[in-house]
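Chain by chain, the residues:
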Amino acid sequence: MKKPAALFTSLVTSLAAIFAAMLLAAPALADDFPSAISVSGEATVSAAPDLAHIDAGVANDAKSAKEASDANNAAMGKVLLALKGAGIDEKDYQTSRLSLQPQYAPNRSNGASPVVSFRASNRVTVKIRDVTKVAGIIDTLVSAGANDIGNISFEVTQASKLLDDARGQAVADARRKAEIYAKATGVTLGAPLSVSEGGAPMPLFKGRMAAAPMAAPAAVAPGEETLSVTVNVSWAIKPKEQ
C-alpha cells in the first residue's frame, strides 16, 4: 500500500498529464469553429399603393334608445346603398363597430347625473381597389349622411414580390460591407455560413390621412409606400493569398 506522500505525488502527476492533454487538444477544438465576419444588410423598395381602406360611420342622438337606434339604422342604410351605387362590392365593406350608449347631464354636486339622451353609432370599413376613386367615395359617403370619416390608409397588395427584390439587394449590401471589413483586416471572404432575416419586413411609411365631412371635394394623396428588409449574414474568412 502506497504511503500518503506517494499517493499525493501520483495524483499531482495524473492531473498534470490531463491538463497537458487539454492544452494540446485546444487548438484542434478551435479549428472546429471557423472564423467569420458577420454583418447586416439593408434594402428598401417603394411603390404606389393599389388598395385603400376608409373607416366611415354615422352617429345619431335621440331622447330614447329606440329613437336613436332607428335613426341610426336608417342613416346607415343610406350609406350602404350609396356604397353599392358607387360600384363597391358588398364583400369590400364590413361593419367594424356598433354601439348604443346613454348620454348624461353634467355632474351635479347633489347626486348622480341623469340620462338626457342616447347616442347610436355604426361604422363600416371600406376597401377601395382603385385608389383613384378614393376622393369620390369620400364625397359619396358624406353626401349619403356619413358624419364620421376616420383614418384612410393605403397599401401595396403585391408587397411580397417587392420584398423578394429587396431581399436580394439586402444580401448584396451585406456582402459589400463584409468585403470592406475583410480588406481592412487583411483576410479574404469565403462561403456564407448563415443567412437570417432580421425581424418581419415592415413598411417604413404607410400613407394615411384623417378625413372629416366637408362641403368641398375631398383632396386625397396616396403617395408611396416604402418597404424595408434587413438580413444578417456571416461569411467564413481565410488568410489573404500572397
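Bear in mind that the values here come from a model prediction, so they are computed numbers and not experimental data.

Draft legend 1. Seen up close, the confidence of the model for the chain. For the chain, the average pLDDT comes to 80, and 74% of its residues sit at 70 or higher. In the predicted structure, residues 19–33 sits below a pLDDT of 50 and forms zero contacts with residues beyond four places in sequence or in another chain. In this model, residues 203–216 is a region of pLDDT below 50 whose contacts with residues beyond four sequence positions or in other chains number 37 contacts.

Draft legend 2. Inspection of helix α4 (residues 159–185) at higher detail. For α4, spanning 27 residues, the distance from its first C-alpha to its last is 39 Å, which sits close to the expected 39 Å at 1.5 Å a residue. Three or more residues of α4 are buried, namely Ala-159, Leu-163, Ala-166, Ala-170, Asp-173, Ala-174, Ala-178 and Ala-182. The elements touched by buried residues of α4 are β1 (36–47), β6 (187–197) and β9 (225–239). At the exit of α4 stands Gly-186, carrying a positive phi of roughly 75°.

Draft legend 3. Region of the structure containing the pattern of salt bridges. Here the structure, examined in full by the defined rule, presents twelve salt bridges. Residue Lys-91 pairs with Asp-92 through a salt bridge whose shortest N-O separation is 3.7 Å. Residue Glu-179 is joined to Arg-175 by a salt bridge in which the shortest nitrogen-to-oxygen separation is 3.2 Å. Here the residue Glu-179 and the residue Arg-175 both occupy positions in helix α4, the gap between them amounting to four residues, near one helical turn. Under the relative-accessibility criterion, Glu-179 is labelled partly exposed at 42%. Residue Arg-175 is classed as partly exposed on the basis of its relative accessible area, which comes to 34%. Residues participating in the shared-partner salt-bridge network are Asp-55, Arg-123 and Asp-148.

Cut-offs used in this document
- Counting restarts for each chain: residues are numbered from 1 in the order of the written sequence.
- Per-residue local features of the predicted model are confined to residues with pLDDT of at least 70, and side-chain atom pairs are confined, for both listing and counting, to 80 or more; whole-chain, interface and lining totals are unaffected and use all residues.
- Side-chain measures were taken over the full set of non-hydrogen atoms in the model, leaving aside hydrogen atoms and water.
- The predictor rates its confidence in each residue with pLDDT, a number between 0 and 100.
- In what follows, residue pairs with any heavy atoms lying within 4.5 Å of each other are defined as contacts.
- By the criteria applied, helices consist of DSSP H or I runs no shorter than four residues and strands consist of E runs no shorter than two, each listed in order from the N terminus.
- Between the first and last residue of a helix there are one fewer steps than residues, each counted as 1.5 Å, and that sum is the expected span.
- Exposed residues in this analysis have more than 50% of their type's maximum accessible area, buried residues have under 20%, and partly exposed residues fall in between, with area computed by a 1.4 Å probe over protein chains only.
- Counted as salt bridges are all cases of a side-chain nitrogen of Lys or Arg within 4 Å of a carboxyl oxygen of Asp or Glu.

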